[in-house]
Amino acid sequence: MTPHQSTRPRYIAHLHLHAALSEDQLADVIELLSGITPHVHAVPPQAVQLDLTSALRYFDLPPYDVVQLAMMRLKGHHGIDCSAGLAPNRMLAAMASDTSAPGDTTQVTEGRAAAWLRPRPVTALPGVGRSTAEVLTKYGLYTIGQVADLPGSTLQRLLGVAQARLLAERARGQDPRPVTPKEPAAQLTADLVLDRDCLDPVQHHRAVLELSERIGQRLRGENQVTSRLTLTVRYADRTSTTRTRTTAEPTGHSAALTADALALLAGLGLQRARVRAFALRADGLSSADGAYRQLSLNPGDERARAVEKAADSARRRFGPRAVYPAALAGAATIR
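Rules and cut-offs
- Residues numbered from 1 in each chain as written.
- Predicted model: local features only at pLDDT ≥ 70, side-chain atom pairs only at ≥ 80, totals over all residues.
- Heavy atoms only, no water.
- Salt bridge = Lys/Arg side-chain N within 4 Å of Asp/Glu carboxyl O.
- Helix = DSSP H or I, 4+ residues; strand = E, 2+ residues; numbered from the N terminus.
- Buried < 20%, exposed > 50% of the residue type's maximum accessible area, 1.4 Å probe, protein only.
- Pairing = 2+ DSSP bridges.
- Axes fitted to C-alpha atoms, helices over the stretch in contact; angles between N-to-C directions.
- Contact = heavy atoms within 4.5 Å.

A. Highlighting the pattern of salt bridges. Summed over all chains, the structure comprises 8 salt bridges. Between aspartate 197 and arginine 276 there is a salt bridge, and its shortest N-O distance comes to 3.9 Å. Of this pair, aspartate 197 sits in strand β6 (residues 188–198) while arginine 276 sits in strand β9 (residues 275–283); the two residues are 79 residues apart in sequence, bridging distant segments of the chain. A relative accessible area of 31% means that aspartate 197 is categorised as partly exposed. Given the relative accessible area of 30%, arginine 276 is considered partly exposed.

Below is the structure:
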């Protein structure tokens, strides 16, 4: 790390999402925001944090404007309103977000962080629960500024060494934690419950095609590949059938995933089955960077992968509905 890099200001945004999100919906939000910065950290159930430091040069915008860009994308693509905080670290950004009304952004610059913190109640600091607050207020410590001014030895007598050190750092606005993307999942699952019990093989085909496409998009979004697919079909009588297939090579390519998933579907022989739901699971996951890939002499394969890459980029920029296979056009299940 060069001296220039070590002194470069950090800009962390904390977006509180004013919506109840499922795990899949939160994953869609993270994928959308990854088009702004790869450093996106989920704070379940209703918040995300972004390290904007490396994104500023790319967008050539001030940090505040990049936050507004993120908020507009969430509103435009998912209908989600946010309240935001922008600060030099994760703790201050989260606290700033808590003071913002929906649609607003509170910015705390590094130079005025201490002054911004001082009058706030000590209970506003992360980690100060009821018991810690009772100890502090018992000794007349009601504000963050009062805790920041207290000698370290005195605070240690009240709270103990480890907790006192951490609280003193937070009272001075210090938080060295980086914004780290979530850990890769051990497996990815996509499921689809049909509107009604279905006998139509064409609809079965479309359902599995949609699930394969969703799995492929998520794998590529997390820079992962899978070596095994499992298809589960649930019937109207609540019984189910499961089949597993090992892929020819580790892949996140939707076309390859679709071919394997449809082979699993064909092997089930569902011509007269009343199907209620499908689930497709990808496991045996690994990083795409270390995966081998068989060389192909078919120029169509390279073109398909180039188109897929462009489609993924469009989805990150314009939302998950921006591009999808023609075979799914008009399908009610497209998400």
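B. Structural detail: the sheet that holds strand β3 (residues 47–51). Taken in spatial order, the 5 strands make up an open sheet running β2-β3-β1-β4-β5, and their pairing is mixed. For this open sheet the edge positions go to β2 (40–43) and β5 (105–107), each flanked by a neighbour on one side alone. Neighbour to neighbour, the strand axes of the sheet diverge by 15° on average, direction disregarded. Direction of pairing for strand β1 (residues 12–17) relative to strand β4 (residues 82–87): antiparallel, over a ladder of 6 bridges.

C. Here's a closer look at the environment of alanine 94. Within the fold, alanine 94 resides in helix α5 (residues 90–98). As for alanine 94 and glutamine 49, which are separated by 45 residues in sequence, their C-alpha atoms are 8.3 Å apart. If sequence neighbours within four positions are ignored, alanine 94 has contacts with His14 and Gln49.

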